[in-house]
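Spelled out, the chains give:
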Amino acid sequence: MERMQGEGEEDHLERPSPLTEKERMMIQDSWPKVYENCDDVGVAILVRLFVNFPSSKQFFSQFKHIEEPEELARSTQLRKHAHRIMNAINTLVESLDNADKVASVLQVVGKAHALRHKVEPVYFKILGGVILEVLGEEFPQVVTPEVAGAWTKLLATVYCGITAVYEEVGWSKLSTSTG
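Residues numbered from 1 in each chain as written. Predicted model: local features only at pLDDT ≥ 70, side-chain atom pairs only at ≥ 80, totals over all residues. Heavy atoms only, no water.

Caption draft 1: Spatial organisation of the side chain of Ser75. Mapped onto the secondary structure, Ser75 falls in the loop between helix 3 (69-74) and helix 4 (76-94). In this structure Ser75 touches Phe63 and Ile66, once residues within four positions along its chain are discounted. (Helix = DSSP H or I, 4+ residues; strand = E, 2+ residues; numbered from the N terminus. Contact = heavy atoms within 4.5 Å.)

Spelled out as structure tokens, the structure:
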């Protein structure tokens, strides 16, 4: 049941409008409740990603052959990566009023995933959707529809920022499929 962007399709997302003050506050108010369980939430997000989008495991040699969700959740490498993701989100949330800091985080993440890990940028869009699903399910009292809307806008902004970094470093589908 994996939904993927079609081959050769271009994905031109309009950059979302900047977060409003109210949206920033909703994100920053909801985040501490999520972050206090950051390791478990991060693992839940990655396990959901890998179960629903198995091709996303191809970038992780340490656990790409693990099929069982319970076994994935116990993987030390998966737990470490989940922790790094949650810390990056934490830095973004804490820095929502500092555009330079946000850009810096997206630059580091984007360059590492484009150049070192060779991850297709569409996986950041997929991950954003999985994050929203898990937060909505795990924290329904905190991530109300209005708060989810603010998170959707933030994650779309992150995706656009990372995609821009990929473009800056010369990423193209051709370079990965023929190189």
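Caption draft 2: Here's a closer look at the pattern of salt bridges. Applying the stated criterion across every chain yields a total of seven salt bridges. With a shortest N-O distance of 2.8 Å, Lys153 and Glu23 are connected by a salt bridge. With Lys153 in helix 7 (residues 145-168) and Glu23 in helix 1 (residues 21-35), this residue pair connects regions lying 130 residues apart in the sequence. Summarising the burial analysis for this pair, Lys153 and Glu23 share the class buried. One salt-bridge network, held together by shared partners, links Arg48, Glu133 and Glu137. (Salt bridge = Lys/Arg side-chain N within 4 Å of Asp/Glu carboxyl O. Buried < 20%, exposed > 50% of the residue type's maximum accessible area, 1.4 Å probe, protein only.)

Caption draft 3: Broad picture of the packing of aromatic side chains. Evaluation of the coordinates by the stated rule reveals eight aromatic pairs. Look at Phe50 and Phe63: their rings are 5.4 Å apart centre to centre, the planes differ by 50°, and that puts the pair in the tilted class. Of the two residues, Phe50 sits in helix 2 (residues 38-52) while Phe63 sits in the loop between helix 2 and helix 3, which places them 13 residues apart along the sequence. As far as burial versus exposure is concerned, Phe50 and Phe63 are alike and both buried. Each ring, one from Phe124 and one from Tyr166, has its centre 6.2 Å from the other, and the planes form 75°; the classification is edge-to-face. Residue Phe124 is located in helix 6 (residues 122-138), and its partner Tyr166 is located in helix 7; the two are separated by 42 residues in the primary sequence. On the accessibility criterion, Phe124 (15% relative accessible area) is buried. (Phe/Tyr/Trp six-rings, centres within 6.5 Å; stacked < 30°, edge-to-face > 60°.)

Caption draft 4: Quick look at helix 2. In this model, helix 2 (15 residues) spans 21 Å end to end at C-alpha, consistent with the 21 Å of a helix rising 1.5 Å per residue. All of the buried residues in helix 2 are Cys38, Val41, Gly42, Val43, Ile45, Leu46, Val47, Leu49 and Phe50. Those residues of helix 2 hidden inside the fold are in contact with helix 1, helix 3, helix 4 and helix 6. (Expected span 1.5 Å × (residues − 1).)

Caption draft 5: Structural context of the packing of helix 4 against helix 5 (residues 99-116). Running from N to C, helix 4 and helix 5 cross one another at 155°; their axes reach a closest spacing of 9 Å. The angle between helix 4 and helix 5 places the two elements in the roughly antiparallel class. Across from His81, Ala88, Thr91 and Leu92 in helix 4, the residues of helix 5 making contact are Lys101, Val102, Val105, Leu106 and His113. A class-by-class count of the residues in the contact of helix 4 with helix 5 yields five nonpolar, three polar and one charged. (Axes fitted to C-alpha atoms, helices over the stretch in contact; angles between N-to-C directions. Parallel < 35°, antiparallel > 145°, perpendicular 65-115°, else oblique. Nonpolar A, V, L, I, M, F, W, Y, C, P; charged D, E, K, R; others polar.)

Caption draft 6: Geometry of the packing of helix 2 against helix 6. One way to put it is that helix 2 packs onto helix 6 with a least axis distance of 9 Å and a crossing angle of 125°. Considered as vectors, helix 2 and helix 6 are oriented oblique to each other. In this structure, helix 2 meets helix 6 at a crossing whose hand is right-handed. Between helix 2, through Val41, Ala44, Ile45, Arg48, Leu49 and Asn52, and helix 6, the contact on the second element is made entirely by Ile126, Leu127, Val130, Ile131, Glu133, Val134, Leu135 and Glu137. Per-class residue counts for the contact of helix 2 with helix 6 are 10 nonpolar, one polar and three charged. (Left-handed = near helix turned anticlockwise from the far one by under 90°.)

Caption draft 7: Representation of the environment of His83 in the model. Within the secondary structure, His83 sits in helix 4. What makes His83 partly exposed here is its relative accessible area of 32%. Measuring from C-alpha to C-alpha, the distance between His83 and Val41 comes to 9.2 Å, with 42 residues separating the pair along the chain. Residues in contact with His83, not counting those within four places in the same chain, are Cys38 and Asp39.

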